[in-house]
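Structural overview
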Amino acid sequence: MSDPNLADLDAFVAVARARSFRGAARLKGISASALSEALRRLEARLGIRLLNRTTRSVTPTEAGARLLDRLGPAIREIESALDSVNDSVDEAAGTLRLNAPTVVTRHILPSIVNRFLAAHPRISLEIENNDSFIDVLAEGFDAGIRYEESLERDMVAVPIGPRQQRYVLAGSPTYLAARGTPRHPRDLLGHACIRHRFASRVTVQWEFEKDGEVVKIAVAGPLIATSAELEAQAAIAGLGLICTFEEYLADGLATGALVPLLEDWLPPFSGPRLYYAQRQHMPPPLRVFIDFIKADNG
């Protein structure tokens, strides 16, 4: 048996960690087919299957899990050596891949990104919108940004952007003059409401809370959309009431085109968090970004 080369072992570790050829390929910056070929060579040289592959998942075999456990310390030592090389230069360099929901990419990240890239010109950012919770590592991202998600083992979260945000229920003056002003969340059952549909195809109930009482309302109305901007414009036009992130309605609220409603039923909630895998040696661009976010939050 010929000795397996380091590149093939590295390919195995990447795929086994990501549990996905596609996710590992994005992390490594190579094609999924190249990783598949590397795994084929490695398994042929060792004479044993290391990964179970199906159309929906990739998991280590018993032998693969043992190999991954033994290779882990060695790979981390190599990563440490590479980190020390990166640390020896004046400025961290490389690509940082982030996944974030639309409201964050449009209303929170622009200021952060502009200041971060100005301070670290040798780092490039790749940011993808996604309003569903995903396995960021399996999908090839270095970190994700989400709201109050339950984190998997070995994941860490730090606040990014505002510590608190809120939803606002609002309607146009013309709509309220014609249909009346709701005084309690249950009054919304008699109103036209503009709803949002998420990428998962789910349209959620509107939730309100006051003095420990939680009220969930399955509203109805003339418009369901996946664009918060379209929904806001429909509310301004008087088509119905809207309940969404305050950031999407800020202009309409500031000009009086929208009137806030039931404000005491919509308490603030925790702002977004940057979450990433806990590991001793992380990519320098991610480490620099985390330090920047922590300093930015004071």
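Notes on the structure in this doc start here. Quantities reported herein were computed from a predicted structural model and do not represent experimental measurements.

1. Side note on the sheet that holds strand S8 (residues 167–171)
Each strand in a sheet pairs with its neighbour through backbone hydrogen bonds, running either in the same direction (parallel) or in the opposite one (antiparallel). Judged by pairing direction, the sheet is mixed, and its 5 strands sit side by side in the order S12-S9-S13-S8-S14 without closing on themselves. In this open sheet, the two strands that pair with only one neighbour each are strand S12 (223–225) and strand S14 (259–261). Adjacent strand axes in the sheet meet at a mean angle of 35 degrees when their direction is disregarded. Across 2 bridges, the pairing between strand S9 (residues 193–196) and strand S13 (residues 241–245) is parallel.

2. Quick look at the nonpolar core
Judged by nonpolar contacts, the single largest core of 30 residues is most densely connected at Val104, Ile160, Leu274, Tyr276 and Phe289. A total of 6 residues in this core trace back to one element, the largest contributor, which is helix H10 (residues 284–296). Ile160 has contacts with Leu109, Ile112, Ile145, Pro272, Arg273, Leu274, Phe289, Ile293 and Asn297, leaving out every residue within four places of it along the chain. Of all hydrophobic cores here, the second largest spans 20 residues; its members include Val15, Ala16, Ala24 and Leu50.

3. Notes on the pattern of salt bridges
Pairing is possible between side chains that carry opposite charge, provided their charged atoms lie close to one another. Using the criterion set out here, one finds 10 salt bridges in the structure. A salt bridge links Glu62 to Arg66; the shortest N-O distance between them is 3.5 Å. Linking Glu62 with Arg66, this pair stays in helix H4 (residues 62–87), spanning 4 residues, or about one helical turn. With relative accessibility at 64%, the residue Glu62 sits in the exposed group. You can call Arg66 partly exposed: its relative accessible area is 49%. Here the salt bridges do not stand alone but share partners, grouping Asp8, Arg41 and Arg45 into one network.

4. Some remarks on the environment of Val113
When you line up the elements, Val113 lands in helix H6 (residues 109–119). Separated by 68 residues in sequence, Val113 and Thr181 have C-alpha atoms that sit 40 Å apart. Apart from residues lying up to four places away in sequence, Val113 is in contact with Leu125 and Ile127.

How each quantity is defined
Residues numbered from 1 in each chain as written. Predicted model: local features only at pLDDT ≥ 70, side-chain atom pairs only at ≥ 80, totals over all residues. Heavy atoms only, no water. Pairing = 2+ DSSP bridges. Helix = DSSP H or I, 4+ residues; strand = E, 2+ residues; numbered from the N terminus. Axes fitted to C-alpha atoms, helices over the stretch in contact; angles between N-to-C directions. Core = buried A, V, L, I, M, F, W, Y, C linked by side-chain atoms within 4.5 Å. Buried < 20%, exposed > 50% of the residue type's maximum accessible area, 1.4 Å probe, protein only. Contact = heavy atoms within 4.5 Å. Salt bridge = Lys/Arg side-chain N within 4 Å of Asp/Glu carboxyl O.

Note that every value here comes from positions in space, so none of it alone points to a role or purpose.
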